[in-house]
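For reference, the chains in residue letters:
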Amino acid sequence: MRELQISYEQSALETTVNIGKAALSEFWENTKRPFIIADESLLHLCPEQHHARTALLPAGESCKSLSAAQNLIQWLSERGCRRDDEIVALGGASIVNVAGFTASIYMRGIRWHVAPTTLLAMADSSIGGETTINIGSTKNLAGSFWQPSSVVIDPLLLKTLPRNEFMSGVGEILKTALLDGDLLYDTILQYHELICEGEPGIMEDVLYMTCGVKADIVSTDIYERGQCTVLNAGHTVAHAIESDSNYSIPHGKAVAAGLLMEAKIGKMLELTETDTVNKIEELLDLYGLEKHYGFQNDIEISIDKRSDSLLVPFITEIGTALIEKVDRRTFLDALKEIQ
């Protein structure tokens, strides 16, 4: 079992991250009275004695809504959830987000834990306490920052994950490796075959490193007002891809394509080195991830319209990211040019 302890400079909260085979079983043994918010297909992962305090939701973006959070608050109240009780999020990234958001506003905030069951949630949304929900067709428009008390990552759960969802998680791991440029980056290059197979031993190592890199970043900027923005590398284009495809392309796969497309835009803006663009392209080839996306609709509809400028983290070199404010029109024109 691997353990990470995350302390935050701007908060008294702390998060313990446990990573290892059978970690989930150990967690249930030490959890007395949880209120579980779970993917409806994962009831079998909840101990039977907790079924009466388990709310089941459909997986996917549809559960990240104000109405879902409102229903969960009503459910918690009806079942007598107190301020000293705890919520457990069991599922993928969408379940983690809506459960975390609910925990942050129920009785002005109660403790919560994350038991991620997808690679995307293990590598990304379970660390950092950023909880988001969608408003209408706008992704992640509302949310809060509420750090979980613990995160329980069991790589054995990846064995039953559909291939498309698994590779979505790989996309986020590649992003973190590009930001790291050190041991994690070397590992994903050297062990790509074992990673693609989801071999539990290597996945435990990779997830430990991935969570460690993200923890180092979020621990100093939990409200995403500075350096934490680098974690959005690839996401400006990725969110546009998700919107244009009506979310048929999983988030992590959209991020992978977004990383390369943004690197090409960075090169056009004389921010990103040619060698960096080539290395990102080679990395996506190595993992068989899509390197490009052809927009079916007007790109202007898909790109964030809330400001005349975009705050974009460009990976200028492997291991180095530059957060740049870019005129929205300039970014759109560059994106159209690489179509």
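Structural data are supplied above this passage.
Since the structure is predicted, the reported quantities are computational estimates derived from the model, not experimental observations. (Residues numbered from 1 in each chain as written. Predicted model: local features only at pLDDT ≥ 70, side-chain atom pairs only at ≥ 80, totals over all residues. Heavy atoms only, no water.)

Draft legend 1. Representation of the pattern of salt bridges within the structure. Following the criterion strictly, the structure yields 16 salt bridges and no others. Measuring nitrogen to oxygen at the nearest pair gives 2.7 Å for the salt bridge that ties D85 to R33. Residue D85 is located in the loop between α2 (66-78) and β5 (86-91), and its partner R33 is located in the loop between α1 (23-29) and β3 (34-39); the two are separated by 52 residues in the primary sequence. Here R33 falls in the partly exposed class, since its relative accessible area comes to 32%. One continuous salt-bridge network, built from bridges that share partners, spans R33, R82, D84 and D85. (Salt bridge = Lys/Arg side-chain N within 4 Å of Asp/Glu carboxyl O. Helix = DSSP H or I, 4+ residues; strand = E, 2+ residues; numbered from the N terminus. Buried < 20%, exposed > 50% of the residue type's maximum accessible area, 1.4 Å probe, protein only.)

Draft legend 2. Spotlight on the sheet that holds strand β9 (residues 150-153). In spatial order, the strands read β1-β2-β9-β6-β5-β3-β4; together these seven strands make up an open sheet with mixed pairing. The open sheet has two edge strands, β1 (2-7) and β4 (54-57), and neither has a second partner. Going from strand to strand, the sheet's axes swing by 15° on average, the running direction of each strand aside. The sheet contact formed by strand β6 (residues 111-116) and β9 spans two bridges and is parallel. Bridge pairing links V114 to V151 in β9. Strand contacts of helix α8 (residues 200-218): β1, β2 (14-19) and β9, with the helix running at about 10° to β1, the strand carrying the most contacts. (Pairing = 2+ DSSP bridges. Axes fitted to C-alpha atoms, helices over the stretch in contact; angles between N-to-C directions. Contact = heavy atoms within 4.5 Å.)

Draft legend 3. Summary view of the pairing of β1. Bridge analysis of β1 against β2 gives six bridges, and the strand direction is antiparallel. Across the sheet, R2 pairs through a bridge with I19, a residue of β2. Between β1 and β2, which pair antiparallel and follow one another directly, the connecting turn spans six residues.

Draft legend 4. Structural view of the side chain of E262. Among the secondary structure elements, E262 is positioned in helix α10 (residues 251-268). Here E262 sits buried without a salt bridge, and the closest side chain of opposite charge, K175, lies 11 Å off (N-O distance). Within the local environment of E262, its side chain forms a polar contact with the backbone nitrogen of H235, the two atoms lying 3.5 Å apart. A distance of 3.0 Å separates a polar side-chain atom of E262 from the backbone nitrogen of V237. The residues touching E262, leaving out its near neighbours within four places in the chain, are A233, G234, H235, T236, V237, V312, P313, F314 and F331. (Lys, Arg positive; Asp, Glu negative; His and termini not counted. Polar contact = N/O pair within 3.5 Å; in protein donor to acceptor, adjacent residues only side chain to side chain.)

Draft legend 5. Inspection of the pairing of strand β11 (residues 320-327) at higher detail. Across eight bridges, strand β10 (residues 309-317) lies against β11 in antiparallel orientation. Of the residues in β11, the one forming a bridge with L311 is K325. Here β10 folds back onto β11, and the loop between the two strands holds two residues, one of which, G319, carries a positive phi near 95°.

Draft legend 6. Up close: α10. Helix length check: α10, at 18 residues, gives a terminal C-alpha distance of 25 Å against a target of 26 Å (1.5 Å per residue), a fit within 8%. With 14 of 18 residues buried, α10 is to be regarded as a mostly interior element. (Expected span 1.5 Å × (residues − 1).)

Draft legend 7. Geometry of the packing of aromatic side chains. Enumeration according to the criterion identifies four aromatic pairs in this entry. Their ring planes at 55° and their centres at 5.4 Å tell us that F27 and W28 sit as a pair that is tilted. You can call W28 buried: its relative accessible area is 9%. Arranged with centres 6.2 Å apart and planes meeting at 85°, the rings of F35 and W75 form a pair that is edge-to-face. Note that F35 is positioned in strand β3 and W75 in helix α2, a separation of 40 residues in sequence. Here W75 falls in the buried class, since its relative accessible area comes to 11%. A cation over a ring is seen here: R2 above Y208, with NZ or CZ 4.9 Å from the ring centre. Across the ring face of F35, the terminal group of R53 is positioned such that the distance to the ring centre comes to 6.0 Å. (Phe/Tyr/Trp six-rings, centres within 6.5 Å; stacked < 30°, edge-to-face > 60°. Lys NZ or Arg CZ within 6 Å of the ring centre and 35° of its normal.)

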